[in-house]
Amino acid sequence: MSEVSKQSKPQVQGTASFSKFMNVLQAIADSPNIDITGLMNVVPYPRPTLYRLLSALINEELVMENGDRGTFKLGTRLISLAARARDEHDLRSIAHRHVAALRDTTGETVHLAVPSGLEMVYVDKLESPQNVRMISRIGTRVNLHSTSVGKAYLAALDSAVRENILAQLQLTPRTEHTITNLDQLRDELAQTQQRGFSLDWEENELDIRCFGAAILDCEGQPIGCVSVSVPKYRYDSIDTKLFQTAIRATVDTISKSL
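The structure contained in this document is the topic of the report that follows. Every chain is numbered independently, its residues counted from 1 as its sequence is written. Where totals are concerned, whole chains, interfaces and linings use all residues; where local detail is concerned, this predicted model gives features only for residues with pLDDT of at least 70, and gives and counts side-chain atom pairs only at 80 or more. No hydrogens and no water enter the side-chain calculation; it runs on all heavy atoms of the structure.

1. Here's the deal with the overall build of the chain
Right, so step 1: The helix count covers DSSP runs of H or I at least four residues long, the strand count covers runs of E at least two residues long, and both are numbered beginning at the N terminus. A count of helical and extended segments in the chain gives 10 helices and 9 strands.
Right, so step 2: Burial analysis of the chain (258 residues in total) assigns 43% to the buried set.
Right, so step 3: We call two residues contacting when some pair of their heavy atoms lies within 4.5 Å. Put simply, 53% of the contacts in the chain that link residues at least 6 apart link residues at least 24 apart.
Right, so step 4: Under the convention used here, a 1.4 Å probe and the Shrake-Rupley method define accessible areas, while residue burial counts only the protein chains that appear. For the chain, the exposed area adds up to about 14,300 Å²; of that, 50% sits on carbon and sulfur atoms. Categorising residues by exposure relies on relative accessible area from a 1.4 Å probe, with only protein chains included: less than 20% of the type maximum marks a residue as buried, more than 50% marks it as exposed, and the intermediate range marks it as partly exposed.

See the structure below:
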């Protein structure tokens, strides 16, 4: 980047400190098992500043010390973050043609979503070819308790992990149909496990009903979900068994393709 570009780029408050952390991380990534002297030759920070940055990075498990050798390497948390980024990127590219086929089979809007904290995020959307469609976009964040993708994800988790998440959820009503009782939500998730797909019965958006199912990784853990959304006025005319069979087949195919 030229000096002109650097000067014209607006500064965001707090980025100076963040850049220091990133520079140290990059130096360690470029030279595994680098020591403090080596870092001082790469990044222009005084030794006390470097120790302070390293201490914070080690505390967050982004950097690890190599025993008592006085050298540093990238931490295990970065491995987890990198794996999640890789999975989400691979998931969308692998899943796209399958969710497109599901859209063609059902004639309704299909979403691909991935977990993000206590929410799900749409990372792909295939529009219904019909005139009335669902208002949503890639990047939309939705609740776990009120959506088919969220309930499918929760139902596929190991029970201990699921209970930990449920304890943190605020069961905010999105519509008059939203489940806001924890025991009722647990019952709904148990039914989802038995059925092999989840339901959103106008719980997140009035006049929209959805089917959802989870995509599993090689260890059987959910890494994403697929949903099919149907406007209420068209619901009575669809073949619900076709939709249920199609969405389960779609997530099974994607899971095997990962």
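So much for the structure itself; the text now carries on.
2. Thoughts on unusual backbone geometry
Right, so step 1: In this structure, Glu61 takes a positive phi of about 65° despite not being glycine.
Right, so step 2: Relative to the elements of secondary structure, Glu61 occurs in the loop between helix H4 (47-59) and strand E2 (63-65).

3. A few points about the packing of aromatic side chains
Right, so step 1: In summary, the pairing rule links any two rings of Phe, Tyr or Trp, Trp by its six-membered ring, whose centres are within 6.5 Å, and it sorts them by plane angle into stacked for under 30 degrees, edge-to-face for over 60 and tilted for everything else. Tallied over the full model, the rule gives 4 aromatic pairs.
Right, so step 2: When the ring of Phe211 is compared with that of Tyr235, the centres are 6.2 Å apart and the planes differ by 20°; the resulting orientation is stacked. Here the residue Phe211 occupies a position in strand E8 (residues 208-216), and Tyr235 occupies one in helix H9 (residues 232-235), the gap between them amounting to 24 residues.
Right, so step 3: Here Phe211 falls in the buried class, since its relative accessible area comes to 1%.
Right, so step 4: Measuring from ring centre to ring centre gives 5.9 Å for Phe211 and Phe243, while their planes differ by 50°; the resulting arrangement is tilted.

4. A few points about the packing of helix H6 (residues 148-156) against helix H8 (residues 182-195)
Right, so step 1: Think of each axis as a best-fit line through the C-alpha atoms, taken over the contacting stretch in the case of a helix, with angles from 0 to 180 degrees between the N-to-C directions. Here H6 crosses H8 at 80°, and the two axes come no closer than 9 Å. Classified by the angle their axes make, H6 and H8 are roughly perpendicular. Along its contact with H6, which presents Lys151, Ala152, Leu154 and Ala155, the element H8 presents Leu185, Glu188, Leu189, Thr192 and Gln193.
Right, so step 2: Throughout, the ten residues Ala, Val, Leu, Ile, Met, Phe, Trp, Tyr, Cys and Pro are labelled nonpolar, Asp, Glu, Lys and Arg are labelled charged, and all others, Gly among them, are labelled polar. Each residue belonging to the contact of H6 with H8 can be placed in one class, and the counts come to 5 nonpolar, 2 polar and 2 charged. Throughout this description, any angle smaller than 35 degrees is read as roughly parallel, any larger than 145 degrees as roughly antiparallel, any in the 65 to 115 degree range as roughly perpendicular, and the remainder as oblique.

5. Notes on the nonpolar core
Right, so step 1: The set of buried Ala, Val, Leu, Ile, Met, Phe, Trp, Tyr and Cys residues whose side-chain atoms join them within 4.5 Å is what this entry labels a nonpolar core. Ile215, Val226 and Ile247 are the most contacted members of the largest nonpolar core, which has 25 residues in total.
Right, so step 2: Counting 20 residues, the second largest nonpolar core, distinct from the first, contains Leu157, Ile165, Leu185 and Ala214.

6. Observations concerning the sheet that holds strand E4 (residues 109-116)
Right, so step 1: In this analysis, strands are considered paired if DSSP registers two or more bridges between them. Taking strand neighbours across the sheet as the criterion, the 6 strands line up as E6-E5-E4-E9-E8-E7 in an open arrangement whose pairing is antiparallel. In the strand order of this sheet, the two ends are held by strand E6 (141-143) and strand E7 (198-201), each with one partner. Across the sheet, the mean angle separating the axes of adjacent strands is 35° when strand polarity is ignored.
Right, so step 2: Pairing geometry for E4 and strand E9 (residues 222-231), over 5 bridges, is antiparallel. Bridge assignment links Val110 to a residue of E9, and that residue is Val228.
Right, so step 3: Against the sheet, helix H10 (residues 240-257) touches E8 and E9, its axis set at about 25° to E8.

7. A few points about the environment of Met64
Right, so step 1: As for its placement among the helices and strands, Met64 is situated in strand E2.
Right, so step 2: Met64 sits in the partly exposed class, given a relative accessible area of 31%.
Right, so step 3: Distance in space between the C-alpha atoms of Met64 and Asn33 is 9.6 Å, their sequence separation being 31 residues.
Right, so step 4: Those residues in contact with Met64, other than ones at most four positions away along the chain, are Thr71, Phe72, Lys73, Leu74, Gly75 and Thr76.

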